[in-house]
Amino acid sequence: MSHSPSPSAGGNGHPAGPPATGSYGRDLFPPEVHGEATRIDYGALAYDDVTFRRLEALGAGPGWACLDAGAGTGTITRWLAGTAGVESVVAVDRDTRFLAVQPGGRVHTVIADLADPELADPNLAPGRFDLVHCRFVLMHLPRHDAVLARLADWVAPGGWLVVSDAVDLTTARSAHAAYRRTMAAMWHALSDTIGTDISWVTGYPELLRSHGLSDVGAEIYVPPLTPDAPVTAFWRATWERMRPGLESSGLVDASTVDEALAYLASPELADLSPGMITTWGRRPA
């Protein structure tokens, strides 16, 4: 699972000030830090079933050649190669240490930066894939539309592009002030550090159309926060990992973060998490 911003008139997701120069996995959430794979997997557990159902509904199965772009810990890659039974999966990430795929099988891993304008790999030929899937990646990239164009170019005629990113429709209306302020501080710290921006993601349907895709559809899933939910564990782990950045944002202090973390573990927890928007489109045959 791959990559949010400071208060502005536009709300969560709008970066303010000069562009960030950091990147996910280097300046924030480096994979070598203990517990990072577990944090990513909490997020995967929260959203995988939604993704599986969408890919299944689009027909992912035997005979398909698939690309999992920004494969993270490989939960989607393994589902495609295993449960869905596709012909092959190319799993791409800048760091593939968490993929845990069996060598010699249907999965081929490629270490690459999707945002690298010089990216050239024989496994990533234009028009090669029946399915290109990318989740929680483009929101962290400053040139997201250029990468989206690259993803669309890899889709074979008749094939599908499926992209998902975070969307926050609920935090601003939370009645719990510490939770609301800490989540806002997180988006700001992510924006300031690595340039994460979720302000544009509801425009995905039009973006996919602009890249020549048809039969475009979209859905949003917003999971409830309960103390034992994987998505709650994901936010706890994320805030604990980002704590210095949260406190230096000027939006929260240590006691506010403590109160927000305690709320996530409390039986009084009653909120909706930020969610996931998924959009799909087909390359005309």
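Use the structure listed above.
A quick note: this is a predicted structure, and the numbers were derived from the prediction, not measured.

Novice: With reference to specific residues and values, describe the nonpolar core.
Specialist: Residues L138, L151, L161, Y204, W235 and W239 are the most contacted members of the largest nonpolar core, which totals 66 residues. With nine residues, the top contributor of residues to this core is helix 4 (residues 177-194). Residue contacts for W239: discarding those within four places in its chain leaves Y179, T182, M183, M186, L246, A260, L261 and L264. Counting 21 residues, the second-largest nonpolar core is a separate cluster that includes I76, V86, L99 and W160.

Novice: Which residues make up the pairing of strand 2 (residues 88-93), and what values go with them?
Specialist: For strand 2, a buried count of five out of six residues is recorded, marking the element as mostly surrounded by other parts of the structure. Where strand 1 (residues 65-69) and strand 2 come together, five bridges link them in parallel fashion. The residue bridging C66 from the neighbouring strand is V89, located in strand 2. In this fold, the crossover linking strand 1 to strand 2 by way of helix 2 (residues 75-81) has right-handed handedness. Pairing analysis gives five bridges linking strand 2 to strand 3 (residues 107-111), with the strands arranged parallel. Across the sheet, the residue bridging to V92 is V110, located in strand 3.

Novice: Mind laying out the packing of helix 1 (residues 36-57) against helix 6 (residues 230-241), listing which residues take part and the relevant values?
Specialist: Where helix 1 contacts helix 6, the two axes come as close as 8 Å, and the packing angle between them is 145°. Both helix 1 and helix 6 take part in a crossing whose hand is left-handed. Contact residues: helix 1 offers E36, R39, Y42, G43, L45, A46 and Y47, while helix 6 offers P230, V231, A233, F234, A237, T238 and R241. Across the contact of helix 1 with helix 6, the residue classes tally to nine nonpolar, two polar and three charged.

Novice: Describe the environment of F234, naming the residues involved and giving the relevant values.
Specialist: With respect to the helices and strands, the residue F234 is situated in helix 6. Under the relative-accessibility criterion, F234 is labelled buried at 11%. Between the alpha carbons of F234 and G43 there is a distance of 5.6 Å; along the sequence they are 191 residues apart.

Novice: Any chance you could break down the sheet that holds strand 1 for me, citing the residues and the numbers?
Specialist: Ordered by their spatial adjacency, seven strands build an open sheet running 3-2-1-4-5-9-6, and the pairing between neighbours is mixed. The open sheet has two edge strands, strand 3 and strand 6 (214-221), and neither has a second partner. Each adjacent strand pair in this sheet contributes to an overall mean axis angle of 15°, direction not counted. The strands touched by helix 3 (residues 144-153) are strand 1, strand 4 (129-135) and strand 5 (155-167); relative to strand 5, the strand with the most contacts, the crossing angle is about 145°.

Parameters at a glance
Residues numbered from 1 in each chain as written. Predicted model: local features only at pLDDT ≥ 70, side-chain atom pairs only at ≥ 80, totals over all residues. Heavy atoms only, no water. Core = buried A, V, L, I, M, F, W, Y, C linked by side-chain atoms within 4.5 Å. Buried < 20%, exposed > 50% of the residue type's maximum accessible area, 1.4 Å probe, protein only. Helix = DSSP H or I, 4+ residues; strand = E, 2+ residues; numbered from the N terminus. Contact = heavy atoms within 4.5 Å. Pairing = 2+ DSSP bridges. Right-handed = clockwise from strand over helix to strand, strands pointing away. Axes fitted to C-alpha atoms, helices over the stretch in contact; angles between N-to-C directions. Left-handed = near helix turned anticlockwise from the far one by under 90°. Nonpolar A, V, L, I, M, F, W, Y, C, P; charged D, E, K, R; others polar.

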